[in-house]
Amino acid sequence: MIGDDMTLLDGLLAVGLLTVAALALFLPRRSTAVVLFLAFGVLMAVAWALLGAPDIALAEAAIGAGVTSALLIDAVAVHRGHRTERNPRTSRALSVVGTLLGGVAAGALTFVLLGLGARSAPSGGPGGGPGDQATDRVWESGVDHPVTAVLLNFRSYDTLLEVAVLLVAALAVLTFRGNETFPAAPTLPPVPSLLDLLVRTLVPVLLLVVGWLLVSGSVQPGGAFQAGAVLTGALLLLRLSGWPGAIPAGRWLRPGLAAGLTAFLALAYATALLGDGWLSLPADWAGALIVALETLLTLSIGLTLAVIFVANQEPTHTSPRPQRTSALSARTRRRT
Amino acid sequence: MIVDALTAVLVVAGCFFFGAGTVGLIRFPDLHSRLHAITKADNLGLGLVLAGLVLQAGSVAVALKLVLLWALALLASATSSHLLASEQTEETSDP
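Keep in mind it's a predicted model, so treat the numbers as computed, not measured.

A. How the structure looks around the overall build of chain B. Scanning chain B from N- to C-terminus turns up 3 helices and 0 strands. For chain B, the sequential pattern of α-helices and β-strands runs α-α-α. Taken over the C-alpha trace, chain B has a radius of gyration of 16 Å; the compact-globule value for 95 residues is 12 Å, which it surpasses by more than 25%. By its C-alpha atoms, chain B is 60 × 25 × 10 Å across when sized along the principal axes. Partitioning the contacts of chain B with sequence separation of at least 6, the portion at a separation of at least 24 is 70%. For chain B, the separation between the mean place of its 4 positive charges and that of its 7 negative charges on side chains is 10 Å.

B. Region of interest: the pattern of salt bridges. Residue and element names in this part refer to chain A. For the structure on display, the rule yields 2 salt bridges over all chains. Where R155 meets D158, a salt bridge forms, and the shortest distance between an N and an O atom there is 3.0 Å. Look at R155 and you get partly exposed, because its relative accessible area is 47%. On the accessibility criterion, D158 (32% relative accessible area) is partly exposed. D196 is paired through a salt bridge with R200; the nearest N and O atoms lie 3.2 Å apart. Taken together, the positions of D196 and R200, both in helix α8 (residues 193-216) and 4 residues apart, correspond to about one turn of that helix. Overall, D196 belongs to the partly exposed group, its relative accessible area being 23%.

C. The packing of aromatic side chains, seen in detail. Residues and elements named next belong to chain B. Inspection of every chain in the model, using the stated rule, returns 1 aromatic pair over all chains. For the pair F16 and F17, a centre-to-centre distance of 5.6 Å together with 65 degrees between the ring planes defines the contact as edge-to-face. Given the relative accessible area of 58%, F16 is considered exposed. The partly exposed category is assigned to F17, whose relative accessible area is 27%.

D. How the structure looks around the side chain of E294 of chain A. All names here are of chain A. If you trace the backbone, E294 turns up in helix α11 (residues 286-311). The charged side chain of E294 is buried without a salt bridge, its nearest counter-charge being R155 at 15 Å. In this view, E294 contacts T148, L152, L214, G223 and A224; residues no more than four positions away in its chain are not counted.

E. Spotlight on the interface of chain A and chain B. Across the contact, 9 residues belong to chain A and 9 residues belong to chain B. Note on chain A versus chain B: buried area summed over both sides is about 760 Å², and carbon and sulfur give 84% of it. Linking chain A to chain B there are 0 salt bridges. Across the contact surface, chain A and chain B share 0 residue pairs in polar contact (both at pLDDT 80 or more). Within the side of chain A that touches chain B, the residues separate by chemical class into 7 nonpolar, 1 polar and 1 charged.

F. Local environment of the packing of α8 of chain A against helix α9 (residues 224-240) of chain A. Residues and elements named next belong to chain A. The contact between α8 and α9 brings their axes to 9 Å, and the two run at 165 degrees. With respect to their mutual orientation, α8 and α9 come out roughly antiparallel. The two elements α8 and α9 cross, and the hand of that crossing is left-handed. Two secondary-structure elements touch here, α8 through L195, V199, L202, V203, L206, L207, V209, V210, L213 and L214 and α9 through Q226, A227, V230, L231, G233, A234, L237, L238 and L240.

What counts as what
Residues numbered from 1 in each chain as written. Chains lettered and ligands numbered in written order. Predicted model: local features only at pLDDT ≥ 70, side-chain atom pairs only at ≥ 80, totals over all residues. Heavy atoms only, no water. Helix = DSSP H or I, 4+ residues; strand = E, 2+ residues; numbered from the N terminus. Rg over C-alpha atoms; globule rule 2.2 N^0.38 Å. Contact = heavy atoms within 4.5 Å. Lys, Arg positive; Asp, Glu negative; His and termini not counted. Charge placed at Lys NZ, Arg CZ, Asp CG, Glu CD. Salt bridge = Lys/Arg side-chain N within 4 Å of Asp/Glu carboxyl O. Buried < 20%, exposed > 50% of the residue type's maximum accessible area, 1.4 Å probe, protein only. Phe/Tyr/Trp six-rings, centres within 6.5 Å; stacked < 30°, edge-to-face > 60°. Buried area = accessible area lost by both parts, 1.4 Å probe. Polar contact = N/O pair within 3.5 Å; in protein donor to acceptor, adjacent residues only side chain to side chain. Nonpolar A, V, L, I, M, F, W, Y, C, P; charged D, E, K, R; others polar. Axes fitted to C-alpha atoms, helices over the stretch in contact; angles between N-to-C directions. Parallel < 35°, antiparallel > 145°, perpendicular 65-115°, else oblique. Left-handed = near helix turned anticlockwise from the far one by under 90°.

Below, the structure written as structure tokens:
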């Protein structure tokens with residue numbers, strides 16, 4: 001079943017993916033590994049597009065090859081002055097164990113997905129597999145695109161939990177800053193005028209793309225996660241070129257982060273109390289509700305990913321944190 | 001038929017320029033020449049590949065979007081290579 005439609009391009013892509021992944025894991029220099037991770041993200045996006053899943057390809061390109069790679073590059077660039085070599089002994093063992101575990105997990109997942117795919121083949125019974133059931137009932141979901149229908153109507157509980165996971169990640173990253181406040185304005189040297197020109201040209205285009213991806217998710221590949229990732233790119237561009245108000249740091253930070261999950265929970269409770277049940281959308285309101293919910297989700301996801309990036313940057317002041325050192329010295333004083 | 005052949009020629013030429021840019025990235029001695037190779041050759045390669053795809057586009061809107069892609073990629077790569085080059089110039093010129 002696998003070897004039926006495989007072309008040379010598919011084979012080359014598979015070999016390339018495995019090679020880039022192995023290189024990213026086993027090369028010693030950290031900056032090389034990060035750039036190879038970026039290349040891996042790009043190849044994965046191409047793989048998803050070849051498999052006929054453009055939604056996931058868009059999400060992988062925007063989040064994997066975009067935001068996550070930017071985060072890793074920022075992390076590597078910060079420590080450029082310190083040691084850039086990883087400790088060969090411990091990281092080699094960890095790499096091998098991680099590779100084995102990842103291979104086992106990927107093999108198990110392939111086995112499960114092939115089983116699901118076999119069940120939803122057209123030669124199956126009248127019930128069909130889950131894919132066929134979803135595409136049959138798209139008409140009552142309020143949108144025209146099966147992937148959006150599944151994500152935001154049929155399996156919206158899973159999406160609710162994903163949004164909660166994103167919020168928890170943002171809160172965890174904010175907690176790592178300790179008692180330092182979130183940096184409101186980036187402290188940067190004066191920005192070159194070419195970067196200013198790029199930002200002034202690119203950010204309006206990016207915002208237009210965000211709106212387009214958001215709205216087109218109803219009829220073609222798109223949706224809240226992809227639009228949110230592009231919004232993250234726009235916010236990070238503004239931030240990195242010195243615009244102060246791009247990422248709110250004061251009283252709008254936590255409301256902005258929580259807006260998506262709050263809207264989702266409000267919708268869930270409203271349908272539970274007033275409607276048919278938990279997250280079962282009424283058929284004539286479903287389209288409008290989905291678009292409204294996706295708008296708030298886009299804002300939240302964009303802000304969450306941007307906050308994760310900014311919160312990992314170096315603190316604005318370089319003095320040691322006084323709270324921690326005093327606690328440590330108090331403990332040592334009590335011991336002696 | 002001719003359109004398909006022209007698309008194939010343009011895409012292959014674009015890939016050749018991408019390959020030339022990558023060879024320059026690997027073989028050139030310092031940052032500035034590598035940036036030069038990457039920016040010039042890769043953007044020309046991208047332009048040729050997108051020109052080939054424009055011929056295959058179904059509508060004018062898709063073709064215009066592809067041209068917009070090329071313009072944005074030009075802008076972004078020019079800016080990023082300028083930033084990298086000027087940062088390194090500042091670093092090496094510090095006493």
